[in-house]
Amino acid sequence: MAVNLKGRSFLTLQDFTPEEIRYLLDLGHDLKAKRRAGICDPALKGKHIVLLFEKTSTRTRCSFEVAATQESAHVTYLDANSSQMGKKESLEDSAKVLGRFFDGIEYRGYEQKAVEDLAKFSGVPVWNGLTDADHPTQILADMMTIEEHCAKPLNKVKVVFPGDVRNNMCYAWMIGAAKMGMHFVGLGPEQLAKEMDPEIVKRTFATARENGGLIEITDDKNCLKDADVIYGDIWASMGEEALIPERAKLLSPYRVTEETLKATGNPDVLYLHCLPSFHDLDTKLAKEWEEKGVDIREVTDEVFRGRHSVVFDEAENRMHSIKAVLVATIGK
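All values reported here derive from a predicted model rather than from experimental measurement. (Residues numbered from 1 in each chain as written. Predicted model: local features only at pLDDT ≥ 70, side-chain atom pairs only at ≥ 80, totals over all residues. Heavy atoms only, no water.)

A.B. asks: Explain the pattern of salt bridges to me, please; I cannot follow it from the model alone.
C.D. replies: For side chains of opposite charge, pairing can occur when their charged atoms come near one another. Evaluated as defined, the whole model comprises 23 salt bridges. Asp 132 is paired through a salt bridge with Lys 55; the nearest N and O atoms lie 2.9 Å apart. Linking Asp 132 in the loop between strand 4 (126-130) and helix 5 (136-149) with Lys 55 in the loop between strand 1 (48-53) and helix 2 (59-70), this pair joins segments that are 77 residues apart in sequence. For Arg 255, the salt bridge identified is with Asp 295, shortest N-O distance 3.6 Å. (Salt bridge = Lys/Arg side-chain N within 4 Å of Asp/Glu carboxyl O. Helix = DSSP H or I, 4+ residues; strand = E, 2+ residues; numbered from the N terminus.)

A.B. asks: Help me understand the packing of helix 3 (residues 91-101) against helix 4 (residues 112-122), please; the structure alone is not making it clear to me.
C.D. replies: A pair of packed helices can be characterised by two numbers: the angle between their axes and the separation between those axes. The interhelical angle for the contact between helix 3 and helix 4, taken along N-to-C directions, is 50°, at an axis separation of 8 Å. Relative to helix 4, the element helix 3 lies oblique. Handedness of the crossing formed by helix 3 with helix 4: right-handed. Residues Leu 91, Glu 92, Ala 95, Lys 96 and Gly 99 of helix 3 form the contact with helix 4, whose participating residues are Ala 114, Asp 117, Leu 118, Phe 121 and Ser 122. Among the residues making up the contact of helix 3 with helix 4, the classes are represented as 5 nonpolar, 2 polar and 3 charged. (Axes fitted to C-alpha atoms, helices over the stretch in contact; angles between N-to-C directions. Parallel < 35°, antiparallel > 145°, perpendicular 65-115°, else oblique. Left-handed = near helix turned anticlockwise from the far one by under 90°. Contact = heavy atoms within 4.5 Å. Nonpolar A, V, L, I, M, F, W, Y, C, P; charged D, E, K, R; others polar.)

A.B. asks: How should I be thinking about the side chain of Asn 128 in this particular structure?
C.D. replies: Relative to the assigned elements, Asn 128 resides in strand 4. Under the relative-accessibility criterion, Asn 128 is labelled buried at 0%. Within the local environment of Asn 128, its side chain forms a polar contact with the backbone oxygen of Leu 11, the two atoms lying 2.9 Å apart. Setting aside chain neighbours within four positions, we find Asn 128 in contact with Phe 10, Leu 11, Tyr 107, Gln 112, Val 115, Asp 134, Pro 136 and Thr 137. (Buried < 20%, exposed > 50% of the residue type's maximum accessible area, 1.4 Å probe, protein only. Polar contact = N/O pair within 3.5 Å; in protein donor to acceptor, adjacent residues only side chain to side chain.)

A.B. asks: Just to check I follow, could you spell out the pairing of strand 5 (residues 158-162) for this structure?
C.D. replies: Look at any regular strand and the pattern is simple: side chains alternate between the two faces of the sheet. In terms of burial, strand 5 is largely enclosed, as 5 of its 5 residues are buried. Alternating residues of strand 5 divide into Lys 158, Val 160 and Pro 162 and Val 159 and Phe 161, and every residue in both groups is buried. Relative to strand 6 (residues 183-187), strand 5 runs parallel, the two being bridged by 5 bridges. Following the sheet pairing, Lys 158 is matched in strand 6 by His 183. (Pairing = 2+ DSSP bridges.)

A.B. asks: Where do I start with helix 13 (residues 311-330) in this structure?
C.D. replies: Think of an α-helix as turning once every 3.6 residues; residues three or four places apart then point the same way. Between the first and last C-alpha of helix 13 there are 29 Å, a value that for 20 residues agrees with the 28 Å anticipated at 1.5 Å per step. If you look at helix 13, its biggest bend is around 30°, right at Asn 317. Counting buried residues in helix 13 gives 17 out of 20 residues, a clear majority hidden from the surface. (Expected span 1.5 Å × (residues − 1). Bend = angle between axes of the 7 residues up to and from the residue.)

A.B. asks: Would you mind going over the sheet that holds strand 7 (residues 214-218) with me for this structure?
C.D. replies: Sheets are built from strands paired through backbone hydrogen bonds, the pairs being either parallel or antiparallel. With respect to topology, 5 strands assemble into an open sheet ordered 7-6-5-8-9, the strand pairing being parallel. Pairing within the sheet leaves two strands with one partner each, and these edge strands are strand 7 and strand 9 (270-273). Within this sheet the neighbouring strands show an average axis-to-axis angle of 20°, counted without direction.

A.B. asks: How should the sheet that holds strand 2 (residues 74-79) be read in this particular structure?
C.D. replies: Taken together, the 4 strands give an open sheet; going across it, the order is 2-1-3-4, and neighbouring strands pair in parallel fashion. A single partner strand is all that each edge strand has here, and the edge strands are strand 2 and strand 4. Neighbour-to-neighbour, the strand axes of the sheet open up by a mean angle of 20°, direction not taken into account. Pairing of strand 1 with strand 3 (residues 104-108), which is carried by 5 bridges, proceeds in the parallel orientation. Bridge pairing links Leu 52 to Tyr 107 in strand 3.

A.B. asks: Help me understand the environment of Arg 108 in this model?
C.D. replies: Residue position: Arg 108 is located in strand 3. Spatially, the C-alpha atom of Arg 108 lies 6.1 Å from that of Thr 131, the residues being 23 residues apart in sequence. A polar side-chain atom of Arg 108 sits 3.2 Å from the main-chain carbonyl oxygen of Gly 129.

Shown next, in the form of structure tokens:
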């Protein structure tokens, strides 16, 4: 059956069927191949999109801007200091105004409800660039990258996520893996596992069963065996800087090292990371904490720069997968 996503919002992969996600992945691969071949057939000519950023970003902002302009769309960027949304104007009113001006709205911020309300009130497609609960565009890029570097189909791939199992990337992976029938393991301390959103856990476990997949949450490192992908993320998200010392102490046993990769027993295991990453001491934040006796590196430099790492292919695929979402939802 043909897939048509025109006019749809992209708030969470939970809203999409496996066939629709497959369509977006195939479109992402196709658009990437066309770009590299120099084939130019702009699908967004005459379209206008606005990017709403309450949280700063490198990859998400650049991916949306470059993806849109490569397809001949016009982009307006508004950060938290350059609009009245939520300050002198309600989100509902802002959404209704922006929906009159733009063909689509991207939102990157905190509450999932904000992106849902933008979709509810704007009347145009809304795309989730990251919330505290989800990061669906990142998962599309991750799956594209896995397909480029792993000979297995997605429903035969095992992904292990060592670290903070109650953060948005773990949740996003649980949702995506469940939809695509993958084996996903959140590997982290029981203390954080107890803080996970019970509704997300219940729903993704059930969805995985429906699609022939498996979701697991554990603190047992034996789960690393037979992993095809080790997935990394920083230990404290934006807004959690005060928790860094406590979080580093709690999560340092889950730092990804060469021993982590060896424990998979898979000579071709991949290392992915949503970025940014603390893998050395060449950042201001890492240096500051190191001077205080706190090591915030979630992965060793050896792994991050090693042969198993495909993090920069993954970063590039942010743009191609986001382009697929734009073209599929508002393209000609």
